[in-house]
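An overview of the molecular structure
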Amino acid sequence: MDNQKKSKDGKITLHKITKILIAEGLILSVLLISLAMKRLSEYKEDPLDHTKPVVNTGDNKNNTISPTSDPILELKKEQEAKQQEVLKEAKLLAAGYDYDKAINLLKSEEGYENIESFMNAITTFEEDKKACVPFGAYKSSTEVSHLFFHSLIYDTSKAFDGEYDSNGYNYYMVTVKEFKEMLNQLYENDYVLVSIHDLVTKVTNEDGTTAYQDGDVLLPPNKKPFVLSQDDVNYYDYMEGDGFASRMVIDENGKPSTLMINDDGTTSIGDYDIVPIVERFIEEHPDFSYRGARGVIALTGYEGALGYRTDPASKDSKTYDQDRETVKQVANVLKQYGWEFACHSNGHRDMAACTEEFLKKDTNNWLKYVGSLVGETDLYIFPYGIDIQSGAGVYKNAKFQYLDSVGFHYYFGVFKEPWIQVKDNYVRMSRRAIDGQAMLQYPDRLTDIFNLSTILDDTRPALK
Ligand SMILES: [Zn+2]
(Lines give C-alpha, C1' and ligand atoms only; values in the text may rest on other atoms or scores of the structure.)
Protein backbone atom coordinates (compact mmCIF):
# COMPACT_ATOMS: atom_id res chain seq x y z
CA MET A 1 0.00 0.00 0.00
CA ASP A 2 1.06 3.47 -0.84
CA ASN A 3 1.41 5.46 2.36
CA GLN A 4 2.92 8.42 0.53
CA LYS A 5 -0.52 9.84 -0.42
CA LYS A 6 -0.60 13.54 -0.58
CA SER A 7 -3.28 16.16 0.10
CA LYS A 8 -4.63 18.29 -2.71
CA ASP A 9 -2.16 21.01 -1.93
CA GLY A 10 0.60 18.48 -2.08
CA LYS A 11 1.40 18.78 1.56
CA ILE A 12 1.30 15.81 3.77
CA THR A 13 -0.11 16.44 7.17
CA LEU A 14 0.36 14.06 10.03
CA HIS A 15 -3.35 14.24 10.79
CA LYS A 16 -4.31 13.13 7.28
CA ILE A 17 -1.82 10.30 7.22
CA THR A 18 -3.18 9.00 10.49
CA LYS A 19 -6.74 9.12 9.10
CA ILE A 20 -5.75 7.34 5.90
CA LEU A 21 -3.86 4.67 7.78
CA ILE A 22 -6.85 4.01 10.06
CA ALA A 23 -9.21 3.83 7.08
CA GLU A 24 -6.92 1.55 5.15
CA GLY A 25 -6.44 -0.62 8.21
CA LEU A 26 -10.18 -0.95 8.55
CA ILE A 27 -10.65 -1.93 4.91
CA LEU A 28 -7.88 -4.46 5.17
CA SER A 29 -9.38 -5.96 8.33
CA VAL A 30 -12.81 -6.26 6.73
CA LEU A 31 -11.27 -7.90 3.67
CA LEU A 32 -9.30 -10.38 5.73
CA ILE A 33 -12.27 -11.26 7.93
CA SER A 34 -14.57 -11.81 4.95
CA LEU A 35 -11.91 -13.94 3.27
CA ALA A 36 -11.51 -15.99 6.40
CA MET A 37 -15.31 -16.42 6.67
CA LYS A 38 -15.47 -17.58 3.09
CA ARG A 39 -12.73 -20.16 3.66
CA LEU A 40 -14.41 -21.30 6.83
CA SER A 41 -17.76 -21.81 5.08
CA GLU A 42 -16.06 -23.73 2.29
CA TYR A 43 -14.26 -25.80 4.86
CA LYS A 44 -17.49 -26.68 6.65
CA GLU A 45 -19.06 -27.81 3.41
CA ASP A 46 -16.00 -29.84 2.56
CA PRO A 47 -16.96 -33.53 2.77
CA LEU A 48 -13.32 -34.24 3.51
CA ASP A 49 -13.56 -32.32 6.79
CA HIS A 50 -10.69 -33.73 8.79
CA THR A 51 -12.43 -33.06 12.08
CA LYS A 52 -14.63 -36.02 11.20
CA PRO A 53 -13.06 -39.44 10.67
CA VAL A 54 -12.97 -40.27 6.99
CA VAL A 55 -15.64 -42.55 5.64
CA ASN A 56 -14.37 -43.86 2.38
CA THR A 57 -17.39 -43.74 0.13
CA GLY A 58 -15.30 -43.95 -2.99
CA ASP A 59 -16.76 -40.74 -4.48
CA ASN A 60 -14.17 -38.31 -3.19
CA LYS A 61 -12.58 -38.18 -6.61
CA ASN A 62 -15.55 -36.17 -7.93
CA ASN A 63 -15.08 -33.46 -5.36
CA THR A 64 -13.04 -30.59 -6.73
CA ILE A 65 -14.01 -27.80 -4.34
CA SER A 66 -10.56 -27.19 -2.96
CA PRO A 67 -7.37 -26.71 -4.90
CA THR A 68 -4.85 -29.56 -4.58
CA SER A 69 -2.40 -27.30 -2.81
CA ASP A 70 -4.76 -27.04 0.13
CA PRO A 71 -2.74 -28.30 3.10
CA ILE A 72 -5.85 -29.68 4.75
CA LEU A 73 -6.75 -31.68 1.68
CA GLU A 74 -3.17 -32.82 1.38
CA LEU A 75 -3.27 -34.04 4.95
CA LYS A 76 -6.54 -35.78 4.19
CA LYS A 77 -5.09 -37.53 1.20
CA GLU A 78 -2.09 -38.61 3.20
CA GLN A 79 -4.34 -40.00 5.91
CA GLU A 80 -6.45 -41.87 3.36
CA ALA A 81 -3.40 -43.33 1.69
CA LYS A 82 -2.15 -44.52 5.05
CA GLN A 83 -5.50 -46.10 5.81
CA GLN A 84 -5.44 -47.88 2.46
CA GLU A 85 -2.01 -49.25 3.32
CA VAL A 86 -3.22 -50.49 6.71
CA LEU A 87 -6.25 -52.09 5.08
CA LYS A 88 -4.05 -53.76 2.48
CA GLU A 89 -1.78 -55.15 5.19
CA ALA A 90 -4.76 -56.40 7.18
CA LYS A 91 -6.19 -58.12 4.11
CA LEU A 92 -2.85 -59.82 3.52
CA LEU A 93 -2.80 -61.08 7.13
CA ALA A 94 -6.37 -62.36 6.77
CA ALA A 95 -5.51 -64.07 3.47
CA GLY A 96 -2.89 -65.96 5.49
CA TYR A 97 -5.59 -66.96 8.01
CA ASP A 98 -4.26 -64.65 10.74
CA TYR A 99 -7.65 -63.04 11.32
CA ASP A 100 -6.93 -61.90 14.88
CA LYS A 101 -3.81 -60.06 13.83
CA ALA A 102 -5.68 -58.52 10.89
CA ILE A 103 -8.54 -57.34 13.10
CA ASN A 104 -6.19 -56.00 15.76
CA LEU A 105 -4.27 -54.09 13.14
CA LEU A 106 -7.42 -52.34 11.94
CA LYS A 107 -8.57 -51.69 15.51
CA SER A 108 -5.26 -50.11 16.36
CA GLU A 109 -6.11 -47.27 13.96
CA GLU A 110 -7.60 -44.29 15.81
CA GLY A 111 -11.29 -43.82 15.08
CA TYR A 112 -11.50 -47.11 13.15
CA GLU A 113 -15.20 -47.41 14.15
CA ASN A 114 -15.96 -44.59 11.77
CA ILE A 115 -14.00 -45.93 8.86
CA GLU A 116 -16.48 -47.86 6.78
CA SER A 117 -13.93 -49.92 4.84
CA PHE A 118 -12.27 -50.98 8.10
CA MET A 119 -15.57 -51.97 9.71
CA ASN A 120 -16.59 -53.97 6.63
CA ALA A 121 -13.26 -55.76 6.62
CA ILE A 122 -13.51 -56.54 10.35
CA THR A 123 -16.96 -58.08 9.80
CA THR A 124 -15.63 -60.21 6.92
CA PHE A 125 -12.57 -61.32 8.89
CA GLU A 126 -14.71 -62.28 11.89
CA GLU A 127 -17.03 -64.34 9.67
CA ASP A 128 -14.09 -66.03 7.93
CA LYS A 129 -12.49 -66.80 11.28
CA LYS A 130 -15.71 -68.35 12.57
CA ALA A 131 -15.79 -70.66 9.54
CA CYS A 132 -12.32 -72.06 10.33
CA VAL A 133 -11.80 -75.39 12.07
CA PRO A 134 -8.69 -76.99 13.59
CA PHE A 135 -6.57 -78.62 10.85
CA GLY A 136 -9.08 -77.73 8.12
CA ALA A 137 -9.96 -80.90 6.18
CA TYR A 138 -7.95 -83.04 8.62
CA LYS A 139 -8.66 -84.15 12.16
CA SER A 140 -5.16 -83.85 13.56
CA SER A 141 -1.46 -83.65 12.74
CA THR A 142 -1.46 -87.43 12.02
CA GLU A 143 -2.91 -86.81 8.56
CA VAL A 144 -0.52 -84.04 7.63
CA SER A 145 2.01 -84.72 4.86
CA HIS A 146 5.52 -83.43 5.17
CA LEU A 147 6.97 -83.19 1.68
CA PHE A 148 10.69 -82.92 1.15
CA PHE A 149 12.85 -82.03 -1.81
CA HIS A 150 16.50 -81.60 -2.64
CA SER A 151 17.95 -78.76 -4.72
CA LEU A 152 16.01 -78.20 -7.90
CA ILE A 153 17.50 -78.82 -11.32
CA TYR A 154 17.28 -75.58 -13.29
CA ASP A 155 19.08 -76.63 -16.48
CA THR A 156 18.08 -80.22 -17.28
CA SER A 157 20.42 -80.42 -20.28
CA LYS A 158 23.32 -80.18 -17.83
CA ALA A 159 21.92 -82.43 -15.09
CA PHE A 160 20.76 -85.14 -17.49
CA ASP A 161 23.81 -85.02 -19.77
CA GLY A 162 24.60 -88.70 -19.29
CA GLU A 163 27.59 -88.09 -17.02
CA TYR A 164 28.17 -90.37 -14.04
CA ASP A 165 25.99 -88.24 -11.74
CA SER A 166 23.00 -87.94 -14.09
CA ASN A 167 21.26 -91.00 -12.74
CA GLY A 168 21.63 -89.73 -9.17
CA TYR A 169 20.03 -86.43 -10.11
CA ASN A 170 17.27 -88.34 -11.85
CA TYR A 171 16.65 -90.35 -8.66
CA TYR A 172 16.82 -87.63 -6.05
CA MET A 173 16.06 -84.32 -7.68
CA VAL A 174 13.03 -82.49 -9.06
CA THR A 175 13.30 -79.95 -11.86
CA VAL A 176 12.23 -76.31 -11.55
CA LYS A 177 9.49 -76.94 -14.10
CA GLU A 178 8.18 -79.93 -12.14
CA PHE A 179 8.31 -78.07 -8.84
CA LYS A 180 6.35 -75.11 -10.19
CA GLU A 181 3.63 -77.42 -11.47
CA MET A 182 3.58 -79.21 -8.09
CA LEU A 183 2.97 -75.89 -6.35
CA ASN A 184 0.10 -75.17 -8.75
CA GLN A 185 -1.45 -78.54 -8.05
CA LEU A 186 -0.99 -78.27 -4.29
CA TYR A 187 -2.68 -74.89 -4.37
CA GLU A 188 -5.52 -76.04 -6.61
CA ASN A 189 -6.08 -79.02 -4.34
CA ASP A 190 -6.42 -76.75 -1.27
CA TYR A 191 -3.08 -77.49 0.38
CA VAL A 192 -1.73 -74.81 2.70
CA LEU A 193 1.86 -74.53 3.81
CA VAL A 194 2.15 -74.66 7.60
CA SER A 195 5.13 -74.29 9.92
CA ILE A 196 6.13 -77.41 11.83
CA HIS A 197 6.10 -75.25 14.98
CA ASP A 198 2.46 -74.29 14.37
CA LEU A 199 1.51 -77.86 13.56
CA VAL A 200 2.87 -79.18 16.86
CA THR A 201 3.71 -76.73 19.61
CA LYS A 202 5.29 -76.85 23.00
CA VAL A 203 2.89 -76.04 25.80
CA THR A 204 3.40 -75.48 29.51
CA ASN A 205 1.06 -77.39 31.78
CA GLU A 206 -0.43 -76.02 35.01
CA ASP A 207 2.16 -77.87 37.07
CA GLY A 208 4.94 -76.19 35.14
CA THR A 209 5.91 -79.22 33.07
CA THR A 210 6.02 -78.90 29.30
CA ALA A 211 4.62 -81.07 26.53
CA TYR A 212 4.27 -81.09 22.78
CA GLN A 213 0.78 -81.14 21.34
CA ASP A 214 -1.13 -80.33 18.19
CA GLY A 215 -1.33 -76.61 17.61
CA ASP A 216 -4.59 -74.86 16.79
CA VAL A 217 -4.09 -74.74 13.04
CA LEU A 218 -7.32 -72.92 12.21
CA LEU A 219 -8.16 -73.26 8.54
CA PRO A 220 -11.26 -73.22 6.33
CA PRO A 221 -12.84 -76.73 6.30
CA ASN A 222 -11.58 -77.55 2.79
CA LYS A 223 -7.93 -76.67 3.41
CA LYS A 224 -5.23 -79.28 3.98
CA PRO A 225 -2.11 -78.25 5.89
CA PHE A 226 1.25 -79.63 4.75
CA VAL A 227 4.86 -79.13 5.80
CA LEU A 228 7.67 -78.47 3.35
CA SER A 229 11.38 -79.05 3.71
CA GLN A 230 14.44 -79.01 1.51
CA ASP A 231 17.51 -81.08 2.32
CA ASP A 232 21.18 -80.37 1.73
CA VAL A 233 20.78 -76.70 0.82
CA ASN A 234 24.57 -76.56 0.66
CA TYR A 235 25.13 -76.45 -3.11
CA TYR A 236 27.88 -79.07 -2.91
CA ASP A 237 30.95 -78.99 -5.10
CA TYR A 238 29.83 -82.03 -7.11
CA MET A 239 26.80 -80.10 -8.38
CA GLU A 240 28.90 -77.38 -9.98
CA GLY A 241 28.25 -77.03 -13.71
CA ASP A 242 25.32 -79.44 -13.55
CA GLY A 243 22.50 -76.92 -13.90
CA PHE A 244 21.89 -76.03 -10.24
CA ALA A 245 22.00 -72.71 -8.43
CA SER A 246 25.36 -71.98 -6.75
CA ARG A 247 24.28 -70.27 -3.58
CA MET A 248 21.57 -68.39 -1.76
CA VAL A 249 21.75 -64.61 -1.83
CA ILE A 250 19.72 -61.55 -0.92
CA ASP A 251 18.37 -59.90 -4.08
CA GLU A 252 18.15 -56.17 -4.86
CA ASN A 253 14.75 -56.01 -3.16
CA GLY A 254 16.10 -57.51 0.05
CA LYS A 255 14.43 -60.86 -0.57
CA PRO A 256 16.04 -64.29 -0.36
CA SER A 257 17.04 -65.57 -3.77
CA THR A 258 19.51 -67.80 -5.60
CA LEU A 259 22.55 -67.13 -7.72
CA MET A 260 23.38 -68.96 -10.92
CA ILE A 261 26.81 -69.02 -12.54
CA ASN A 262 26.34 -68.90 -16.29
CA ASP A 263 28.49 -70.66 -18.90
CA ASP A 264 30.39 -67.46 -19.70
CA GLY A 265 31.26 -66.93 -16.04
CA THR A 266 28.73 -64.18 -15.46
CA THR A 267 26.19 -64.56 -12.68
CA SER A 268 22.47 -63.99 -12.48
CA ILE A 269 20.12 -63.83 -9.53
CA GLY A 270 16.69 -65.38 -9.92
CA ASP A 271 14.23 -68.18 -9.23
CA TYR A 272 16.60 -71.13 -9.61
CA ASP A 273 15.63 -73.06 -6.51
CA ILE A 274 12.82 -73.69 -4.02
CA VAL A 275 13.14 -70.62 -1.79
CA PRO A 276 12.63 -67.85 -4.39
CA ILE A 277 10.06 -69.93 -6.29
CA VAL A 278 7.99 -70.43 -3.13
CA GLU A 279 8.40 -66.74 -2.23
CA ARG A 280 7.06 -65.67 -5.62
CA PHE A 281 4.20 -68.18 -5.41
CA ILE A 282 3.12 -66.90 -1.98
CA GLU A 283 3.31 -63.31 -3.21
CA GLU A 284 0.78 -64.28 -5.86
CA HIS A 285 -1.20 -66.64 -3.59
CA PRO A 286 -1.00 -65.37 0.01
CA ASP A 287 -3.60 -67.96 1.05
CA PHE A 288 -1.06 -70.70 0.29
CA SER A 289 0.81 -69.94 3.51
CA TYR A 290 -0.67 -70.29 7.00
CA ARG A 291 0.33 -67.26 9.08
CA GLY A 292 3.54 -66.59 7.19
CA ALA A 293 4.75 -70.20 7.12
CA ARG A 294 7.60 -71.22 4.82
CA GLY A 295 9.64 -74.38 4.59
CA VAL A 296 12.47 -75.93 6.58
CA ILE A 297 15.97 -75.62 5.16
CA ALA A 298 18.13 -78.58 6.18
CA LEU A 299 21.87 -78.00 6.21
CA THR A 300 24.89 -80.21 6.62
CA GLY A 301 28.20 -78.60 7.53
CA TYR A 302 31.03 -80.42 5.77
CA GLU A 303 30.96 -78.07 2.78
CA GLY A 304 29.71 -74.98 4.55
CA ALA A 305 26.17 -73.71 4.26
CA LEU A 306 23.86 -72.20 1.63
CA GLY A 307 26.58 -72.39 -1.03
CA TYR A 308 29.31 -70.68 1.03
CA ARG A 309 32.36 -72.68 2.08
CA THR A 310 32.32 -71.82 5.77
CA ASP A 311 33.51 -75.24 6.98
CA PRO A 312 36.84 -75.32 8.88
CA ALA A 313 38.56 -77.08 5.96
CA SER A 314 37.99 -73.92 3.90
CA LYS A 315 39.66 -71.70 6.50
CA ASP A 316 42.41 -70.68 4.07
CA SER A 317 39.92 -69.36 1.56
CA LYS A 318 40.33 -65.61 1.02
CA THR A 319 36.62 -65.09 1.48
CA TYR A 320 36.27 -67.30 4.58
CA ASP A 321 35.41 -64.54 7.07
CA GLN A 322 33.29 -62.67 4.57
CA ASP A 323 31.42 -65.87 3.66
CA ARG A 324 30.62 -66.50 7.30
CA GLU A 325 29.16 -63.00 7.59
CA THR A 326 27.18 -63.49 4.37
CA VAL A 327 25.66 -66.77 5.61
CA LYS A 328 24.57 -64.98 8.79
CA GLN A 329 22.95 -62.20 6.77
CA VAL A 330 21.22 -64.51 4.30
CA ALA A 331 20.02 -66.73 7.17
CA ASN A 332 18.57 -63.70 8.95
CA VAL A 333 16.64 -62.63 5.86
CA LEU A 334 15.40 -66.19 5.33
CA LYS A 335 14.17 -66.31 8.92
CA GLN A 336 12.45 -62.95 8.56
CA TYR A 337 10.55 -64.42 5.62
CA GLY A 338 9.49 -67.40 7.75
CA TRP A 339 12.01 -70.03 6.65
CA GLU A 340 13.33 -72.29 9.39
CA PHE A 341 16.60 -74.18 9.65
CA ALA A 342 17.25 -77.78 10.55
CA CYS A 343 20.40 -79.70 11.37
CA HIS A 344 20.96 -82.39 8.75
CA SER A 345 24.09 -83.60 10.60
CA ASN A 346 27.52 -82.21 9.85
CA GLY A 347 28.97 -85.04 7.79
CA HIS A 348 25.81 -86.61 6.30
CA ARG A 349 26.42 -90.06 7.77
CA ASP A 350 24.06 -92.83 8.78
CA MET A 351 23.23 -91.79 12.35
CA ALA A 352 21.75 -95.19 13.23
CA ALA A 353 24.90 -97.08 12.20
CA CYS A 354 27.44 -94.69 13.74
CA THR A 355 28.59 -94.79 17.33
CA GLU A 356 27.23 -92.54 20.02
CA GLU A 357 30.62 -90.82 20.18
CA PHE A 358 30.52 -90.08 16.46
CA LEU A 359 27.03 -88.61 16.70
CA LYS A 360 28.13 -86.35 19.57
CA LYS A 361 31.16 -85.11 17.69
CA ASP A 362 29.26 -84.65 14.46
CA THR A 363 26.46 -82.75 16.19
CA ASN A 364 28.90 -80.51 18.03
CA ASN A 365 30.64 -79.70 14.77
CA TRP A 366 27.35 -78.75 13.18
CA LEU A 367 26.44 -76.52 16.13
CA LYS A 368 29.87 -74.93 16.04
CA TYR A 369 30.17 -74.30 12.32
CA VAL A 370 26.59 -74.06 11.05
CA GLY A 371 24.38 -73.44 14.07
CA SER A 372 26.59 -70.52 15.04
CA LEU A 373 25.74 -68.88 11.68
CA VAL A 374 22.07 -69.73 11.15
CA GLY A 375 20.98 -69.53 14.77
CA GLU A 376 19.33 -71.91 17.21
CA THR A 377 17.08 -74.66 15.97
CA ASP A 378 15.21 -77.55 17.55
CA LEU A 379 14.79 -79.40 14.22
CA TYR A 380 16.91 -82.41 13.27
CA ILE A 381 16.50 -84.07 9.87
CA PHE A 382 18.26 -87.44 9.67
CA PRO A 383 20.68 -87.97 6.76
CA TYR A 384 19.23 -90.51 4.29
CA GLY A 385 16.09 -90.39 6.42
CA ILE A 386 17.60 -93.05 8.70
CA ASP A 387 16.22 -92.62 12.20
CA ILE A 388 18.45 -93.08 15.26
CA GLN A 389 15.93 -95.64 16.51
CA SER A 390 14.07 -98.12 14.34
CA GLY A 391 10.39 -98.88 14.80
CA ALA A 392 7.62 -96.70 16.12
CA GLY A 393 8.47 -97.10 19.80
CA VAL A 394 9.24 -94.24 22.15
CA TYR A 395 12.70 -92.69 21.88
CA LYS A 396 14.89 -93.62 24.79
CA ASN A 397 18.36 -94.43 23.50
CA ALA A 398 21.52 -92.54 24.37
CA LYS A 399 21.71 -90.84 20.96
CA PHE A 400 18.30 -89.32 21.56
CA GLN A 401 19.30 -88.27 25.07
CA TYR A 402 22.27 -86.45 23.64
CA LEU A 403 20.42 -84.71 20.80
CA ASP A 404 17.73 -83.72 23.29
CA SER A 405 20.33 -82.30 25.66
CA VAL A 406 21.69 -79.96 22.98
CA GLY A 407 18.25 -78.63 22.04
CA PHE A 408 16.82 -80.85 19.29
CA HIS A 409 13.17 -81.76 19.89
CA TYR A 410 11.69 -82.36 16.43
CA TYR A 411 13.09 -85.36 14.50
CA PHE A 412 12.41 -86.30 10.92
CA GLY A 413 12.81 -89.58 9.09
CA VAL A 414 11.37 -90.72 5.76
CA PHE A 415 8.29 -92.83 5.09
CA LYS A 416 5.91 -93.26 2.18
CA GLU A 417 2.91 -91.84 4.01
CA PRO A 418 2.18 -89.37 6.83
CA TRP A 419 3.21 -90.51 10.30
CA ILE A 420 3.83 -88.52 13.47
CA GLN A 421 4.62 -89.24 17.10
CA VAL A 422 3.89 -86.42 19.52
CA LYS A 423 5.31 -86.95 22.98
CA ASP A 424 5.82 -84.75 26.02
CA ASN A 425 9.51 -84.36 25.31
CA TYR A 426 9.78 -84.64 21.52
CA VAL A 427 8.06 -84.78 18.15
CA ARG A 428 9.00 -87.35 15.54
CA MET A 429 7.58 -87.01 12.07
CA SER A 430 8.14 -88.85 8.83
CA ARG A 431 8.54 -87.06 5.54
CA ARG A 432 7.53 -88.10 2.06
CA ALA A 433 10.27 -87.97 -0.55
CA ILE A 434 9.30 -86.00 -3.62
CA ASP A 435 11.92 -86.95 -6.19
CA GLY A 436 12.51 -88.76 -9.45
CA GLN A 437 12.47 -92.14 -7.77
CA ALA A 438 9.07 -91.51 -6.19
CA MET A 439 7.66 -90.13 -9.44
CA LEU A 440 9.05 -92.81 -11.76
CA GLN A 441 9.41 -95.89 -9.57
CA TYR A 442 6.64 -95.45 -7.00
CA PRO A 443 4.11 -93.10 -8.62
CA ASP A 444 1.25 -94.72 -6.66
CA ARG A 445 2.70 -93.23 -3.49
CA LEU A 446 2.05 -89.74 -4.76
CA THR A 447 -1.35 -90.05 -6.42
CA ASP A 448 -3.17 -88.67 -3.37
CA ILE A 449 -1.32 -85.38 -3.83
CA PHE A 450 -0.19 -85.02 -7.43
CA ASN A 451 -1.33 -85.73 -10.94
CA LEU A 452 2.11 -86.71 -12.23
CA SER A 453 1.07 -86.81 -15.90
CA THR A 454 1.20 -83.01 -16.06
CA ILE A 455 4.21 -82.72 -13.75
CA LEU A 456 6.92 -84.98 -15.17
CA ASP A 457 9.54 -83.09 -17.11
CA ASP A 458 9.90 -84.27 -20.74
CA THR A 459 13.66 -84.02 -20.42
CA ARG A 460 13.80 -86.54 -17.57
CA PRO A 461 15.31 -89.83 -18.78
CA ALA A 462 14.26 -93.31 -17.62
CA LEU A 463 15.73 -94.45 -14.27
CA LYS A 464 18.71 -96.76 -14.57
ZN1 LIG B 1 20.59 -85.33 2.75
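Here the structure is shown first, and the text comes after it.
The structure reproduced in this document is the subject of the present report. (Residues numbered from 1 in each chain as written. Predicted model: local features only at pLDDT ≥ 70, side-chain atom pairs only at ≥ 80, totals over all residues. Heavy atoms only, no water.)

**Brief notes about the packing of helix α10 (residues 320-336) against helix α11 (residues 356-374)**
Interhelical geometry of α10 versus α11 gives an angle of 50° and a closest axis separation of 7 Å. The angle between α10 and α11 falls in the class oblique. Residues Arg324, Val327, Lys328, Ala331 and Lys335 of α10 lie in contact with α11, whose contacting residues are Tyr369, Ser372, Leu373 and Val374. Within the contact of α10 with α11, the residues separate by chemical class into five nonpolar, one polar and three charged. (Axes fitted to C-alpha atoms, helices over the stretch in contact; angles between N-to-C directions. Helix = DSSP H or I, 4+ residues; strand = E, 2+ residues; numbered from the N terminus. Parallel < 35°, antiparallel > 145°, perpendicular 65-115°, else oblique. Contact = heavy atoms within 4.5 Å. Nonpolar A, V, L, I, M, F, W, Y, C, P; charged D, E, K, R; others polar.)

**Here's the deal with unusual backbone geometry**
Excluding glycine, residues mostly carry a negative phi; peptide bonds, for their part, are mostly trans. Residues other than glycine seldom take positive phi values, yet Arg291 does so here, at roughly 50°. Assignment of secondary structure puts Arg291 in the loop between α9 (274-284) and β11 (296-299).

**Looking at the coordination of the zinc ion**
Protein ligation of the zinc ion involves Asp232 (OD), His344 (NE2) and His348 (NE2), the donor distances falling in the range 2.0 to 2.1 Å. Sequence positions of the donors to the zinc ion reduce to the motif D-x111-H-x3-H. Separated by 116 residues along the polypeptide, Asp232 in the loop between β7 (224-230) and β8 (247-250) and His348 in the loop between β12 (340-343) and α11 bring together distant segments of the chain. By relative accessible area, which is 14% here, His348 ends up buried. (Donors = N, O, S within 2.8 Å, 3.2 Å for Na, K, Ca; no water. Buried < 20%, exposed > 50% of the residue type's maximum accessible area, 1.4 Å probe, protein only.)

**Notes on the packing of aromatic side chains**
Two aromatic rings, taken as a pair, are described by how far apart their centres are and by the angle between their planes. Taken as a whole and judged by the stated rule, the model has 24 aromatic pairs. Ring geometry for Tyr236 and Tyr238: centres 5.8 Å apart, planes at 20°, overall stacked. For Tyr236, a relative accessible area of 5% puts it in the buried group. The structure contains a cluster of three or more aromatic residues connected by ring pairs, namely Trp366, Tyr380, Phe382, Tyr395, Phe400, Phe408, Tyr411 and Tyr426. The ring of Tyr442 has Arg445 sitting right over it, with the charged end atom 3.8 Å from the ring centre. (Phe/Tyr/Trp six-rings, centres within 6.5 Å; stacked < 30°, edge-to-face > 60°. Lys NZ or Arg CZ within 6 Å of the ring centre and 35° of its normal.)

**Some thoughts on the environment of Leu373**
Mapped onto the secondary structure, Leu373 falls in helix α11. Residues Leu373 and Gln329 lie 44 residues apart in sequence; the distance between their C-alpha atoms is 8.7 Å. Residue contacts for Leu373: discarding those within four places in its chain leaves Thr310, Arg324, Val327, Lys328 and Ala331.

**What about the packing of helix α2 (residues 71-95) against helix α3 (residues 99-107)?**
At their nearest, the axes of α2 and α3 sit 7 Å apart, and the two run at 165° to each other. In terms of axis orientation, α2 runs roughly antiparallel to α3. Our pair here, α2 against α3, has a crossing hand that is left-handed. Contacts between α2 and α3 pair Val86, Leu87, Glu89, Ala90, Leu93 and Ala94 from the former with Tyr99, Lys101, Ala102, Leu105 and Leu106 from the latter. Taken together, the residues of the contact of α2 with α3 sort by class into nine nonpolar, no polar and two charged. (Left-handed = near helix turned anticlockwise from the far one by under 90°.)

**Focus: the side chain of Arg460**
The residue Arg460 is located in the segment after α13 (436-440) in this model. Within the structure, the side chain of Arg460 is placed 2.7 Å from the side chain of Glu178, a separation counted as a polar contact. Setting aside chain neighbours within four positions, we find Arg460 in contact with Phe160, Tyr169, Asn170, Met173, Val174, Thr175, Glu178, Gly436, Met439 and Leu440. (Polar contact = N/O pair within 3.5 Å; in protein donor to acceptor, adjacent residues only side chain to side chain.)

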